[in-house]
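One-letter residues, chain by chain:
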Amino acid sequence: DQQVKQNSPSLSVQEGRISILNCDYTNSMFDYFLWYKKYPAEGPTFLISISSIKDKNEDGRFTVFLNKSAKHLSLHIVPSQPGDSAVYFCAARALNFGNEKLTFGTGTRLTIIP
Amino acid sequence: EAQVTQNPRYLITVTGKKLTVTCSQNMNHEYMSWYRQDPGLGLRQIYYSMNVEVTDKGDVPEGYKVSRKEKRNFPLILESPSPNQTSLYFCASSFISSGSEQFFGPGTRLTVL
């Protein structure tokens, strides 16, 4: 049972345009959402996060939007740059004292075309 | 430099030969965790630890053991590896607090023949 879903395995975007990566979740106990970026042969690195009490969080070129009623979040990258080419994982954490476990989606491979 | 290190990075072994993958962090994090990444499944938690001598099972603990004798180290032990444990393994650590992101190690690619 995949509680966090990234339905697009891959996405190609022209350099300078907006990249939009989507993520859906099913567990209403999730209280915190994160995006991680992963390059080949490296571990995931934290990109941006959002608490369930917010609907938007911005950090430079990266913005995450959360729609709790739709159980949907998205990551916007503007403008997209070649260095953004990577696999992006959406992750969620449930209110569960005793485990900071992250539940991950299956990832979206973003390719920025120069 | 703040980091999570894992060793080895790559390992090929045979069924039944005990192995240990080490994980160490230098950020004084209380929480540490092991994940495995498999195609089409994302990262799944194997075991976690909230502090020294406190460990518990994650979603896929079968065939694995862990220990947390020191705050900085969290080794993953495969007593009798099997081919279905061929995977990419990541160690992660964080502070225990609302809004604390997890830092990941570079990964260990394990192949069990």
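Summary of the structure given here. Bear in mind that the values here come from a model prediction, so they are computed numbers and not experimental data.

1. Focus: the packing of aromatic side chains
Working definition: an aromatic ring pair is given by the centre-to-centre distance plus the angle between the planes. In total, this model carries 13 aromatic pairs over all chains according to the counting rule given. Arranged with centres 5.9 Å apart and planes meeting at 80 degrees, the rings of F104 of chain A and F104 of chain B form a pair that is edge-to-face. Remark: F104 of chain B occurs in strand β10 (residues 103–104) and F104 of chain A occurs in strand β10 (residues 102–104); the pair is interchain, linking two chains. For the residue pair F104 of chain A and F104 of chain B, the accessibility class agrees, reading buried in each case. Arranged with centres 5.9 Å apart and planes meeting at 65 degrees, the rings of Y64 of chain B and Y89 of chain B form a pair that is edge-to-face.

2. Topic: empty space enclosed by the protein
To find leftover empty space, one rolls a probe the size of a water molecule over the atoms. Counted according to the given criterion, the structure contains 1 cavity of 30 Å³ or more. In this structure, the largest cavity encloses a volume near 30 Å³. In terms of lining residues, the largest cavity is bounded by Y32, L34, Y36, R93, E100 and L102 of chain A together with S100, E101 and Q102 of chain B. Looking at which element gives the most residues to the lining of the largest cavity, the answer is strand β4 (residues 30–38) of chain A, with 3 residues. Here the lining of the largest cavity is composed, by residue class, of 4 nonpolar, 2 polar and 3 charged.

3. Regarding the interface of chain B and chain A
Taken together, the contact pairs 26 residues of chain B with 20 residues of chain A. Where chain B abuts chain A, roughly 1,700 Å² becomes buried across the two surfaces, and 56% of that area is made up of carbon and sulfur atoms. Three residues stand out in chain B for area buried against chain A, namely L43, E101 and F104 of chain B, and they jointly supply 26% of the buried area on that side. The tally of links between chain B and chain A comes to 1 salt bridge. The salt bridge involving D59 of chain B is made with K101 of chain A; its shortest N-O contact spans 2.9 Å. For the pair chain B and chain A, the interface holds 5 residue pairs in polar contact (both at pLDDT 80 or more). Elements that contribute at least two residues to the side of chain B that touches chain A include exactly β4 (31–38), β5 (42–51) and β9 (87–94) of chain B. Counting residues per element, the side of chain B that touches chain A draws most heavily on β5 of chain B, which supplies 5 residues. Here the residues of the side of chain B that touches chain A are counted per class, giving 13 nonpolar, 10 polar and 3 charged.

4. Quick word on the sheet that holds strand β3 (residues 19–25) of chain A
As summarised here, the arrangement of the 5 strands in space is β1-β3-β8-β7-β6 (chain A), forming an open sheet in which the pairing is antiparallel. Of all strands in the sheet, those with a lone pairing partner are β1 (4–5) and β6 (56–59) of chain A, marking the two edges.

5. Section: the pattern of salt bridges
The final tally for this structure, using the stated rule, is 9 salt bridges over all chains. Residue K56 of chain A is joined to E58 of chain A by a salt bridge in which the shortest nitrogen-to-oxygen separation is 3.7 Å. Using a relative accessible area of 52% as the deciding quantity, one classes E58 of chain A as exposed. Note that K65 of chain B is salt-bridged to E79 of chain B, the shortest N-O span being 2.9 Å.

6. Topic: the layout of surface pockets
Put simply, the largest pocket is a space of about 500 Å³. Lining the largest pocket are 28 residues, with K38 and R109 of chain A together with Q37, L88 and R109 of chain B positioned closest to its centre. Elements represented by at least two residues in the lining of the largest pocket include exactly β9 (86–94) and β11 (108–113) of chain A together with β4, β9 and β11 (108–112) of chain B. With 3 residues, β9 of chain B is the single largest residue contributor to the lining of the largest pocket. Residues of the lining of the largest pocket, tallied by class, amount to 12 nonpolar, 10 polar and 6 charged.

Cut-offs applied
- Residues numbered from 1 in each chain as written.
- Chains lettered and ligands numbered in written order.
- Predicted model: local features only at pLDDT ≥ 70, side-chain atom pairs only at ≥ 80, totals over all residues.
- Heavy atoms only, no water.
- Phe/Tyr/Trp six-rings, centres within 6.5 Å; stacked < 30°, edge-to-face > 60°.
- Helix = DSSP H or I, 4+ residues; strand = E, 2+ residues; numbered from the N terminus.
- Buried < 20%, exposed > 50% of the residue type's maximum accessible area, 1.4 Å probe, protein only.
- 1 Å grid on protein atoms, 1.4 Å probe; cavity = no way out; pocket = protein on both sides within 12 Å on 5 of 7 lines; lining within 4 Å.
- Points joined across faces, edges and corners; volume = space filled by probe spheres on them.
- Nonpolar A, V, L, I, M, F, W, Y, C, P; charged D, E, K, R; others polar.
- Contact = heavy atoms within 4.5 Å.
- Buried area = accessible area lost by both parts, 1.4 Å probe.
- Salt bridge = Lys/Arg side-chain N within 4 Å of Asp/Glu carboxyl O.
- Polar contact = N/O pair within 3.5 Å; in protein donor to acceptor, adjacent residues only side chain to side chain.
- Pairing = 2+ DSSP bridges.

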